[in-house]
Amino acid sequence: DEGCQLRHDLELKVAQTQGMAQRLVAELRQEVESQVCTEAYVAQVRNAAQASAKEMQQDLERNSAQRQRTMEQLVDELRQELAAMKEVLDRLQSSEEQGGP
């Protein structure tokens, strides 16, 4: 009977359409999961890069502070040496003015 055949064909088409819809939903879920994983990975990489940059900045600041302290120490040492030299020069000058050797 033609009505039964049409009904059978329609049920077959509905089943095929449902199967295609289920496959599409499964593919979309995989894509969404993949996207979520990718976004999570990107966030991890970004966080690691930010942490690394912050650590590098802190290292630079520590190194700069250490160099500053080293320079200050060197300047202090030079001042002390110059003060000692000036003292010797002053004594020499004083003894020359007094006519001594």
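The structure displayed is predicted, hence computed values, not measured ones.

A. Structural context of the overall build of the protein. Looking only at helices and strands, the protein has one helix and zero strands in total. Computed over C-alpha atoms, the radius of gyration of the protein comes to 43 Å, more than 25% over the 13 Å expected from 2.2 N^0.38 for 101 residues, which places it beyond the range of a compact globule. Here the C-alpha coordinates of the protein stretch approximately 145 × 10 × 10 Å along the principal axes. Every one of the 101 residues in the protein was classed for burial, and the buried ones make up 1%. In the form shown here, the protein has an accessible surface area of approximately 9500 Å², with 57% of it arising from carbon and sulfur atoms.

B. Representation of helix α1 (residues 2–97) in the model. Helix length check: α1, at 96 residues, gives a terminal C-alpha distance of 139 Å against a target of 142 Å (1.5 Å per residue), a fit within 8%. One side-chain oxygen of the residue at the start of α1 lies 3.2 Å from the amide nitrogen of Gly 3, identifying that residue as Asp 1. Positioned one or two residues after α1, Gly 99 has a phi angle of 85°, which is positive.

C. Highlighting the environment of Asp 1. Within the secondary structure, Asp 1 is located in the segment before α1. Its relative accessible area of 76% is what places Asp 1 among the exposed residues. Engagement of the side chain of Asp 1 in a polar contact is seen with the backbone nitrogen of Cys 4, the distance being 3.1 Å.

D. Examining the pattern of salt bridges more closely. Inspection of the entire model under this criterion finds five salt bridges. In this structure, the salt-bridge partner of Arg 7 is Glu 11, at a minimum N-O distance of 3.3 Å. With Arg 7 and Glu 11 both in helix α1, this residue pair falls four residues apart, about one helical turn. Given a relative accessible area of 57%, Arg 7 falls into the exposed group. Judged by relative accessible area, Glu 11 falls into the partly exposed class, the value being 43%. For the salt bridge of Asp 90 with Lys 86, the shortest nitrogen-to-oxygen distance reads 3.1 Å. Of this pair, Asp 90 and Lys 86 are both found in helix α1, four residues apart, which corresponds to roughly one turn of the helix. Overall, the relative accessible area of 36% leaves Asp 90 in the partly exposed class.

E. Quick peek at the environment of Arg 69. Note that Arg 69 resides in helix α1. The spatial distance from the C-alpha of Arg 69 to the C-alpha of Ala 40 is 43 Å, given a sequence separation of 29 residues.

F. Quick look at the environment of Gln 30. Counting through the fold element by element, Gln 30 comes out in helix α1. Along the chain, Gln 30 and Leu 12 lie 18 residues apart, while their C-alpha atoms are 27 Å from each other.

Criteria and cut-off values
Residues numbered from 1 in each chain as written. Predicted model: local features only at pLDDT ≥ 70, side-chain atom pairs only at ≥ 80, totals over all residues. Heavy atoms only, no water. Helix = DSSP H or I, 4+ residues; strand = E, 2+ residues; numbered from the N terminus. Rg over C-alpha atoms; globule rule 2.2 N^0.38 Å. Buried < 20%, exposed > 50% of the residue type's maximum accessible area, 1.4 Å probe, protein only. Areas by Shrake-Rupley, 256 points an atom, 1.4 Å probe, with all protein chains shown as cover. Expected span 1.5 Å × (residues − 1). Polar contact = N/O pair within 3.5 Å; in protein donor to acceptor, adjacent residues only side chain to side chain. Salt bridge = Lys/Arg side-chain N within 4 Å of Asp/Glu carboxyl O.

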